[in-house]
Amino acid sequence: MTLVAVLFWILAGFTALSALAVTFTTRIVRSAVWLLFTLAGTAGLFFLLGAEFLGAAQLLIYVGGTMVLVIFGVMLTASHPASSLQTNIAEWSLALSVGVLLYAVLCVVLFSVPAVTDAPEETSRSLLASKYLGSALLGNSSATPAAWLTGFPSEKPLPRTRVHYLLPFEIVSIHLLVVLVGAAYLARAKRRPETKP
Amino acid sequence: MNGELQAFFEQNGYSPQAAAVASGLALALLSAVMLLGLLFVNSIFFVWLERKVAGRIQDRLGPTRVGGKFGWLQTIADGIKLLFKEDLIPQKADGLLFRLAPYLTFAGVYAAFIALPFAQGWVAYGSASGALSIGVLFVLAMLSTEVFGILLAGYGSGSKWALFGGMREAAQMVSYEVPLALSVLVPVIATGSMDLGHIAREQQGWFWEWFLFRDPFTFLAFWVYFICAIASCKRAPFDLAEAESELVAGFHTEYSGIRWLFFFLAEYSAMFAVSGLAVILFFGGWHLGLPFWTFFATGPELSQVLAWPHPVLSLGNVVNALVFLLKCYLLVFVQMWIRWTLPRLRIDQVMMTCLKYLLPIACFLLLGISLWEVFLRSLVGPYCKATLATLVVGSLTITLIQIWRSPASQPPTLEVAVPWNPTRPPSIPQPKA
Amino acid sequence: MIPLLAEATSSGWITPIGLHHYLFLAAFLLVCGLVCMMAKRNAIGVLMGVELVLNAAAINFVAFARYNRTFELEGQIFALFVIVMAAAEAAVALAIVLSFYHQHHTVDVDNARELKG
């Protein structure tokens, strides 16, 4: 029971309970608060896994950005607080049964994944430093470790080559620009007269 | 220290694994308690300082009664008063969110101190060689989680003034995060590392090694950072959220007692955190700027004294930490000074400043520092440093001399035609009949 | 309690934390997100389910990056892209929800029946 294990169980329990609370809360603002805790728990798990840059990025982008957006959306579309939209029992039972079934299938699949644990002396190590991530994203592949060319398992191991992620990086930046313009356009204040329901 | 603590636990009957867990938890608890203590003491000091600064700027004295001539214990008295206030929760408030919001706000700011080094090796998470490797990003991320607490406070209060204040405040803080992050990237590009300990170590030596004087882009980046930091701490002139004349008290209208105290703890801790980040990024961190460890040490004696008794817990580091705290307090004082001098901006002016002025300037600075690092640094680096340092220090000196010599700083002399006799009241002019 | 748990671990009863722990947690988050998407009537509730699913995927990526040296770089890069794309998608989804609210004055997804046959 190393420190990593203690921290894992605390963080995983916190994340899982918050995810349950997101699903089963009736009031939408509370649901957003539990989602915030789930995202913070996920960031903690990223830190525990050694992906420090990702943990900080998750907190900055998700908690500091997306959740604020969601809460603003909730507050701008709020109806009367007493009338929270309730789902009836039939739909809940259908959703829960599908969920439990899916979880059972996933567990069966997961047991077929070969178990991997750390060697006893390296229970906690950092993943690649952020400078390698930056080098990969900027197209400087000589600074990053070699990767498999495809993910297909084969009998003879494929030669390892160096890859970089400059193209997805550029695509994502253009994508974000498009999303910015599109969201601003979609959510603009419309000045046409009231339409009949 | 982890190894020594683990050995201590092992001697008391814990197995090696349990000792490792216990020592890790004990160290984390120690750091947490020390940071919490520092934040509480800082906030007590800052509340007193704010009232004194406010008083002096407004040509009055500030607290002078509680605890002697300077009112040292005023904050303690305020804290005791707040402890005894009625715990009031409005009827329409969302109970859970109303109770959660102050602690959420404070937790976000408190966690930012995990990555902030106070001296070489004096950091909550890190070693003697460096702090967290992505320290800058971590501090920014934690300071940005404060927004959520403000939103919940505004919504959970169940009152429209609080909701408006909370939403305005959240919009302001989230908008100002963008030029804040861009201006913080400028010294990161200059160093090539996000490790705060490494950035501070790069600025050792004389004070012209500080990043403030390094090149014009980091110089301007400091001013952009400082303005965005004041906005993200919701201090005047950006304090629409707590605008007393407009929104009663903004998002913390319905809060009283200890919950209100936590909001102000969060605010002063955020001021301290952004000042600490500014000091490390631009003002040389914990370095004094006058390297008299090496300058006056004729032999290794002084450096040995200063490295006693332990590589990390040494006298030199104590002095360094004090220098760091002093610089942080100076920046916090400047923030308070600005608050009580400048009038408040309207919300559209606030947004315009961010989106039309600071954001393009920050983008230009980012471009500029990249080009500077590639092309110009080897050519004009030292000359720029010398020029900027001379300009800044020179203008500061001239300003101080002018203030000292100005007529306003001399005490006014009172000329009386008729000296007032205390036993006879001065004659009151009779009204004409 | 700590010595007790240490004893349980050294006797092999509790395994050290490995890949499976993270995968099970990610599967649980995925299922919670799916149930949330299916059962919520508020459009923003459905969006929260989507966020949960995306987070589950990101945890999966980073867990594989940690426990398999081959994917050390790819796992983090993919998780980073997942985070960024999720933020972009949340923005667009909220814009659509706001547009819907302008028109129908409610965010009940049961009211979105213009295309119903």
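As a reminder, the structure under discussion sits directly above these lines.
Structure report, in brief. All chains use their own residue numbering, which begins from 1 and follows the written sequence. To label them, take the chains in the order written and letter them from A, then take the ligands in the order written and number them from 1. Restriction of local features to residues with pLDDT of at least 70 applies here, the model being predicted, together with a cutoff of 80 or more for giving and counting side-chain atom pairs; totals for whole chains, interfaces and linings are based on all residues. With hydrogens and water set aside, each side-chain value is computed from the structure's full complement of heavy atoms.

Let's shift gears to the overall build of chain C. In this description a helix means any DSSP run of H or I spanning at least four residues, a strand means any run of E spanning at least two, and both kinds are numbered starting from the N terminus. Each helix and strand counted, chain C has four helices and zero strands in total. Counting helices and strands in the order they occur from the N terminus, chain C gives α-α-α-α. When burial is assessed residue by residue, chain C has 58% of its 117 residues classed as buried. Only heavy atoms enter the contact rule, under which two residues are in contact if any of them lie within 4.5 Å. Of all intrachain contacts in chain C linking residues separated by at least 6 positions in sequence, the fraction that spans at least 24 positions is 52%. In these tables, accessible area is a Shrake-Rupley quantity obtained with a 1.4 Å probe, and a residue counts as shielded only by the protein chains included in the view. Looking at chain C as shown, the accessible area adds up to about 4700 Å², and 68% of this sits on carbon and sulfur atoms. Burial here depends on accessible area, computed with a 1.4 Å probe over protein chains only, as a share of the maximum for the residue type. Under 20% is buried, over 50% is exposed, and the range in between is partly exposed.

A fitted line through C-alpha atoms serves as each axis, taken over the contacting stretch for helices, and the angle formed by two N-to-C directions is quoted from 0 to 180°. Interaxial distance between helix α3 (residues 52-76) of chain A and helix α7 (residues 160-191) of chain B falls to 11 Å at its minimum, and their mutual angle equals 150°. When the interaxial angle is binned, α3(A) and α7(B) end up roughly antiparallel. Where α3(A) crosses over α7(B), the two elements pack in a sense that is left-handed. Contacts between α3(A) and α7(B) involve Gly64(A), Val68(A), Phe72(A), Met75(A) and Leu76(A) from the first element and Leu163(B), Met167(B), Ala170(B), Ala171(B), Val174(B) and Glu177(B) from the second. Any angle from 65 to 115 degrees is called roughly perpendicular, while one under 35 is roughly parallel, one over 145 is roughly antiparallel, and all others are oblique. The sense of a crossing depends on the near helix, which, turned anticlockwise from the far helix by less than a right angle, makes the crossing left-handed and, turned clockwise, makes it right-handed.

So, on to the interface of chain A and chain C. Facing the 88 residues of chain A at the interface are 73 residues of chain C. The term buried area refers to how much accessible surface (probe radius 1.4 Å) is lost by two components on association, counted for both of them together. Interface area for chain A against chain C, summed over the two sides, is near 7600 Å², with a carbon-plus-sulfur share of 76%. Salt bridge, as used here, is a side-chain nitrogen of Lys or Arg placed within 4 Å of a carboxyl oxygen of Asp or Glu. Counting every contact that joins chain A to chain C gives zero salt bridges. Counted as a polar contact is a pair of N or O atoms within 3.5 Å, where, for protein atoms, one must be capable of donating a hydrogen and the other of accepting one, and residues adjacent in sequence contribute only when both atoms are in side chains. The tally of links from chain A across to chain C stands at 11 residue pairs in polar contact (both at pLDDT 80 or more). Put simply, the parts of the chain that give the side of chain A that touches chain C at least two residues each are α1 (3-24), α2 (28-48), α3, α4 (89-111), α5 (130-137) and α6 (166-186) of chain A.

A few words now on a nonpolar patch on the surface. Residues and elements named next belong to chain B. Together, Ile44, Phe70, Trp72, Leu73, Ile76, Ile80, Leu83 and Phe84 make up an exposed nonpolar region whose accessible area comes to about 840 Å². Per-element tally for the nonpolar patch: the top contributor is helix α3 (residues 74-83), with three residues. By the secondary structure assignment, Ile76 is in helix α3. For patch building, the residue pool is restricted to those with more than 30% relative accessible area and no salt bridge; the joining distance is 9 Å between like charges and 5 Å between nonpolar side chains (Val, Leu, Ile, Met, Phe, Trp, Tyr).

Tracing the backbone through its elements, the reader meets Val179(A) in helix α6. Judged by its relative accessible area of 11%, Val179(A) falls in the buried class. When neighbours within four sequence positions are excluded, Val179(A) is seen to be in contact with Ala88(C), Ala91(C) and Val92(C).

Residues and elements named next belong to chain B. Per the stated rule, a full pass over the model turns up 15 salt bridges over all chains. Across the salt bridge formed by Asp78 and Arg51, the nearest N and O atoms sit 2.7 Å from each other. Pair noted here: Asp78 is in helix α3 and Arg51 is in helix α2 (residues 16-57), with a separation of 27 residues, a long-range link. On the basis of relative accessible area, Arg51 is assigned to the partly exposed category, the value being 34%. Across the pair Asp87 and Arg259 runs a salt bridge whose closest N-O atoms are separated by 2.8 Å. One end of the pair, Asp87, is in the loop between α3 and α4 (95-111); the other, Arg259, is in helix α10 (residues 258-282), with 172 residues separating them in the sequence. On the basis of relative accessible area, Arg259 is assigned to the buried category, the value being 11%.

With that settled, consider the environment of Lys92(B). Assignment of secondary structure puts Lys92(B) in the loop between α3 and α4. With 37 residues separating them along the chain, Lys92(B) and Ser129(B) place their C-alpha atoms 52 Å apart.

Working definition of a disulfide: a covalent bond connecting the sulfur atoms of two cysteines. Residues and elements named next belong to chain C. Note on terminology: pairs of cysteine sulfur atoms within 2.5 Å are recorded as disulfides. Considering all chains together, one arrives at zero disulfides over all chains under this definition. Of all cysteine sulfurs in the structure, the one in Cys36 sits closest to Cys32, which takes part in no disulfide; the separation is 8.4 Å. For Cys32, a relative accessible area of 5% translates into the label buried.

A word on the packing of aromatic side chains. Each aromatic ring pair is characterised by the separation of its centres together with the angle its planes make. Residue and element names in this part refer to chain C. Two rings from Phe, Tyr or Trp (for Trp, the six-membered ring) form a pair when their centres are within 6.5 Å of each other. A pair whose planes differ by under 30 degrees is stacked, one over 60 is edge-to-face, and the rest are tilted. All told, the structure shown has 44 aromatic pairs over all chains when counted by the stated rule. Ring geometry for Phe61 against Phe78: centres 5.3 Å apart, planes inclined by 15°, an arrangement best described as stacked. On the criterion of sequence distance, the pair formed by Phe61 in helix α3 (residues 43-67) and Phe78 in helix α4 (residues 72-104) is long-range, its members being 17 residues apart. Sitting over a ring, as applied to charges here, requires NZ of Lys or CZ of Arg to be within 6 Å of the ring centre and within 35 degrees of the ring normal. A cation over an aromatic ring shows up here: Arg66 above the ring of Tyr67, its NZ or CZ 5.0 Å from the ring centre.

Take empty space enclosed by the protein next. All names here are of chain B. Cavities and pockets are defined on a 1 Å grid built over the protein atoms alone: a cavity is a set of grid points where a 1.4 Å probe fits but cannot escape, while a pocket is an open set with protein on both sides within 12 Å along at least five of seven lines, and lining residues are those with an atom within 4 Å of any such point. Grid points are joined across faces, edges and corners, and a volume is the space filled by probe spheres set on the points. Summed over all chains, the structure comprises three cavities of 30 Å³ or more. A volume near 90 Å³ is recorded for the largest cavity. In terms of lining, the largest cavity is formed by Leu140, Leu143, Ser144, Glu146, Met173, Glu177, Leu180, Ser232, Cys233, Ala270 and Val274. Breaking the lining of the largest cavity down by element, the ones donating at least two residues are α5 (135-144), α7 and α10. Only Asp, Glu, Lys and Arg are considered charged in this grouping, and only Ala, Val, Leu, Ile, Met, Phe, Trp, Tyr, Cys and Pro are considered nonpolar; every other residue, Gly among them, is considered polar. Broken down by class, the residue content of the lining of the largest cavity amounts to seven nonpolar, two polar and two charged.

Read these as layout, nothing more, since geometry by itself doesn't imply function.
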